[in-house]
Protein chains: 2
Amino acid sequence: MLILKIELASNYGFCFGVKRAIKMAENAKDASTIGPLIHNNEEINRLKINFNVKTLNGINELQDEKKVIIRTHGIPKNDLEKLNASKIDVIDATCPFVTKPQQICEKMSQDGYDIVIFGDENHPEVKGVKSYANGNVFVILEEEELENIKLSQKVAVVSQTTRKVEKFMQIVNYLISRVKEVRVFNTICNATFENQEAVKNLSKKADVMIVIGGKNSSNTKQLYLIAKNFCEDSYLIESENEINSEWFEGKQLCGVSAGASTPDWIIQKVINKIEKI
Amino acid sequence: MLILKIELASNYGFCFGVKRAIKMAENAKDASTIGPLIHNNEEINRLKINFNVKTLNGINELQDEKKVIIRTHGIPKNDLEKLNASKIDVIDATCPFVTKPQQICEKMSQDGYDIVIFGDENHPEVKGVKSYANGNVFVILEEEELENIKLSQKVAVVSQTTRKVEKFMQIVNYLISRVKEVRVFNTICNATFENQEAVKNLSKKADVMIVIGGKNSSNTKQLYLIAKNFCEDSYLIESENEINSEWFEGKQLCGVSAGASTPDWIIQKVINKIEKI
């Protein structure tokens, strides 16, 4: 009988911004977050049970809150301004790597640049970043989406922090061929990049890959797509309950990685479950 | 017997900047240029014979000149300042598409950006552009040349006007992966780009390609390399005297293109000679 070996990616899981936000939420206690603090339901439940941190969907749900926490992905500029103008105590857990593209967007807009954001327009981070532009702003996932748009000759481009750098380069290349000045801000965060590199290397040799993270987490989805590209038998799960023992039949090496919002305790539960199989 | 058909590229020859410079030289008469006005010896001879336009190697060769013409490629900033401070009448025939990267280089340097110039450090245009930087400036042809250089997190990048855009993109991609902000100025001129596209399309179908232009002309060399890439039997010549009738034996379609500094009258002589074969 084959013995299944489990190997963790050399980089995985919690990034700086998520660790920081959880620490802030734990310290705040009894606070409410505007939108889920991070993209991981299990961890949000833990914060609710242990620290009475509630999750609101938006500022319209505010009632008599004394403390609010801004989620790691940030929130739209107007919402933040309203909160800051109120009497509510605002704890800003926006990841500093997300604050950066917000600031760039605002400054470049002021300086007369058209803004291109490489990202998913429905993702809260991107909605937040976009809200800081006060001129032309285009959110795209593919360069082709710019084809019928008349761009100014000065374009600034930023990326959602969790995107793949190769695609970002393609978009920049497209812009270079069309526009006189392209001001490129590589706002893809290093943790994302390192987790991506590590999952790539591991999935090249693994027989089966397990990527753990929220299904609405952009960086987790990217990790899963990279794994899938190199290892056909790749699975994206949120918790150990989704594991199917058939996945491991006849396999020798099981690679494990996790998104930037996946806590170690969930990763450990998954590994324990696989080991039992 | 096969009949050889000759086809000109859809774009070729004199660009805007060269036409402008020749007109200025013809109007100036009896003037001296600092360095060859354009990279074409035959045309420079014509200007000398018909308009008494002399060519000096540098400002150190100035004697009792009353009028000097700045070559299309521009000259180093210090030299231009010396000339402007003298009593000599300065006619600036620097191509406006070259003035642009000079200005960018100066401004970006002042704003604290490291400068990367994609180009040949021995080419007069690049020497001129480089001279406008007053901070860190790196001239490269390959991205690998940047590997051991410690760059600031703010880099501005320009290109020699006559380079290939694909390679420029590669260099930008390399910078994006290393540096937080890359400010990309696509200073490759359209005429160069159009001539390159045209020679590519023509050389795909031609049996033999003749590219006419100065052997020290950067844009002519690029055209030749593109032609050679698609048509093995490609030749770079400066005049009809270099033509070898053996090149055309058994060929059906001869493509012809010419660099941005090649006058029509030379192109015509070449075509006449090929037709006689």
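Keep in mind that this is a model prediction, so the values were computed, not measured. (Residues numbered from 1 in each chain as written. Chains lettered and ligands numbered in written order. Predicted model: local features only at pLDDT ≥ 70, side-chain atom pairs only at ≥ 80, totals over all residues. Heavy atoms only, no water.)

Asks: Just checking my understanding: could you explain the UniProt feature "binding site: isopentenyl diphosphate" (unreviewed entry) in chain A for this structure?
Replies: All names here are of chain A. Per the UniProt annotation, the sites labelled "binding site: isopentenyl diphosphate" (unreviewed entry) are His-39, His-73, His-123, Ser-217, Ser-218, Asn-219 and Ser-261. In this structure, His-123 sits in the loop between β6 (114-118) and α5 (124-131). Within the fold, Ser-261 resides in the loop between β12 (253-258) and α9 (264-276). Here Ser-261 falls in the buried class, since its relative accessible area comes to 4%. Once residues within four sequence positions are removed from consideration, Ser-261 is found in contact with Phe-14, Val-18, Ile-38, His-39, Asn-40, Ser-217 and Asn-219. Within the local environment of Ser-261, its side chain forms a polar contact with the backbone oxygen of His-39, the two atoms lying 3.4 Å apart. (UniProt positions renumbered as here; feature names shortened; annotations may be inferred. Helix = DSSP H or I, 4+ residues; strand = E, 2+ residues; numbered from the N terminus. Buried < 20%, exposed > 50% of the residue type's maximum accessible area, 1.4 Å probe, protein only. Contact = heavy atoms within 4.5 Å. Polar contact = N/O pair within 3.5 Å; in protein donor to acceptor, adjacent residues only side chain to side chain.)

Asks: Can you help me understand helix α2 (residues 41-51) of chain B in this one?
Replies: Along an α-helix, residues three or four apart share an orientation, since each turn contains 3.6 residues. Residue and element names in this part refer to chain B. Among all positions of α2, only Glu-43, Ile-44, Leu-47 and Phe-51 are buried. In an axial view of α2, the angular spread of the buried residues amounts to 105°, which keeps them on one side of the axis. The inward-facing, buried residues of α2 abut α1 (16-28), β3 (54-56) and α9 (264-276). Asn-52 lies just past α2 and shows a positive phi near 55°. (Arc of directions from axis to C-beta.)

Asks: Would you explain the sheet that holds strand β2 (residues 32-34) of chain A in this entry?
Replies: All names here are of chain A. Taken in spatial order, the 4 strands of this open sheet run β3-β2-β4-β5, and their pairing is parallel. Single-partner strands in this sheet number two, and they are β3 (54-56) and β5 (89-92). The sheet shows a mean angle of 30° between the axes of neighbouring strands, direction not considered. Bridging between β2 and strand β4 (residues 67-70) involves 3 bridges; their strand directions are parallel. When the bridges of β4 are listed, Thr-33 appears paired with Ile-69. Sitting on the sheet, helix α3 (residues 77-85) touches β2, β4 and β5, and the angle it makes with β5 is about 140°. (Pairing = 2+ DSSP bridges. Axes fitted to C-alpha atoms, helices over the stretch in contact; angles between N-to-C directions.)

Asks: So what exactly am I meant to see when it comes to the packing of aromatic side chains here?
Replies: Each aromatic ring pair is characterised by the separation of its centres together with the angle its planes make. All names here are of chain A. Evaluated as defined, the whole model comprises 8 aromatic pairs over all chains. When the ring of Tyr-235 is compared with that of Trp-247, the centres are 3.9 Å apart and the planes differ by 5°; the resulting orientation is stacked. In this pair, Tyr-235 sits in strand β11 (residues 234-237) while Trp-247 sits in the loop between β11 and β12, placing the two residues 12 residues apart along the sequence. Judged by relative accessible area, Trp-247 falls into the buried class, the value being 14%. Positioned above the aromatic ring of Tyr-113, the side-chain terminus of Lys-154 is 4.5 Å from the ring centre. Its guanidinium or amino end placed over the ring of Phe-118, Arg-163 lies 5.8 Å from that ring's centre, counting from NZ or CZ. (Phe/Tyr/Trp six-rings, centres within 6.5 Å; stacked < 30°, edge-to-face > 60°. Lys NZ or Arg CZ within 6 Å of the ring centre and 35° of its normal.)

Asks: Even after reading the chapter, I still don't get the domain arrangement of chain A, so can you show me in this structure?
Replies: Where interface size is quoted, it is often the accessible area lost as the parts come together. Residue and element names in this part refer to chain A. The assigned domain composition of chain A is domain 1 (5-12 + 190-275), domain 2 (16-95) and domain 3 (97-184). Each of domain 1 and domain 3 was reduced to a C-alpha centroid, and the two centroids are 30 Å apart. For the pair domain 1 and domain 3, the summed buried area comes to about 650 Å², and 46% of that belongs to carbon and sulfur atoms. When the area that domain 1 buries against domain 3 is broken down by residue, the three leading residues are Thr-192, Ser-218 and Gln-222, summing to 54%. Scanning the region where domain 1 abuts domain 3 turns up 0 salt bridges. Counting across the interface, domain 1 meets domain 3 through 2 residue pairs in polar contact (both at pLDDT 80 or more). Among the elements of the structure, α7 (190-205) and α8 (218-230) are those that each provide at least two residues to the side of domain 1 that touches domain 3. Each residue belonging to the side of domain 1 that touches domain 3 can be placed in one class, and the counts come to 2 nonpolar, 5 polar and no charged. (Domains from an automatic or database assignment. Buried area = accessible area lost by both parts, 1.4 Å probe. Salt bridge = Lys/Arg side-chain N within 4 Å of Asp/Glu carboxyl O. Nonpolar A, V, L, I, M, F, W, Y, C, P; charged D, E, K, R; others polar.)

Asks: What should I look at first to understand helix α4 (residues 96-110) of chain A in this one?
Replies: All names here are of chain A. Across its 15 residues, α4 extends 21 Å between first and last C-alpha, which sits within 8% of the 21 Å expected from 1.5 Å per residue. Taken residue by residue, α4 has Val-98, Pro-101, Gln-102, Ile-104, Cys-105, Met-108 and Ser-109 as its buried positions. For α4, the buried positions fall inside an angular range of 160° around the axis, keeping them on one side. Buried residues belonging to α4 abut β6, α5, β8 (154-159) and β9 (181-185). Phi turns positive one or two residues past the end of α4, at Gly-112, with a value near 90°. (Expected span 1.5 Å × (residues − 1).)

Asks: Just to check I follow, could you spell out the interface of chain A and chain B for this structure?
Replies: Facing 16 residues of chain A, the contacting portion of chain B comprises 16 residues. Approximately 1,500 Å² of surface area, both sides summed, lies buried where chain A meets chain B, with 52% of it carried by carbon and sulfur atoms. Along the contact surface separating chain A from chain B lie 2 salt bridges. Between Arg183(B) and Glu181(A) there is a salt bridge, with the nearest N and O atoms lying 2.7 Å from each other. Our enumeration of links across chain A and chain B arrives at 10 residue pairs in polar contact (both at pLDDT 80 or more).

Asks: Hey, could you run me through the pattern of salt bridges in this one?
Replies: Here the idea is simple: oppositely charged side chains can pair when their charged atoms come close. Residues and elements named next belong to chain A. Following the criterion strictly, the structure yields 26 salt bridges over all chains and no others. A salt bridge links Glu-143 to Lys-167; the nearest nitrogen and oxygen atoms lie 3.0 Å apart. One end of the pair, Glu-143, is in the loop between β7 (137-140) and β8; the other, Lys-167, is in helix α6 (residues 165-178), and 24 residues separate them in sequence. Both residues of the pair, Glu-143 and Lys-167, belong to the buried class. Two residues, Glu-232 and Lys-228, come together in a salt bridge whose shortest N-O distance is 3.7 Å.

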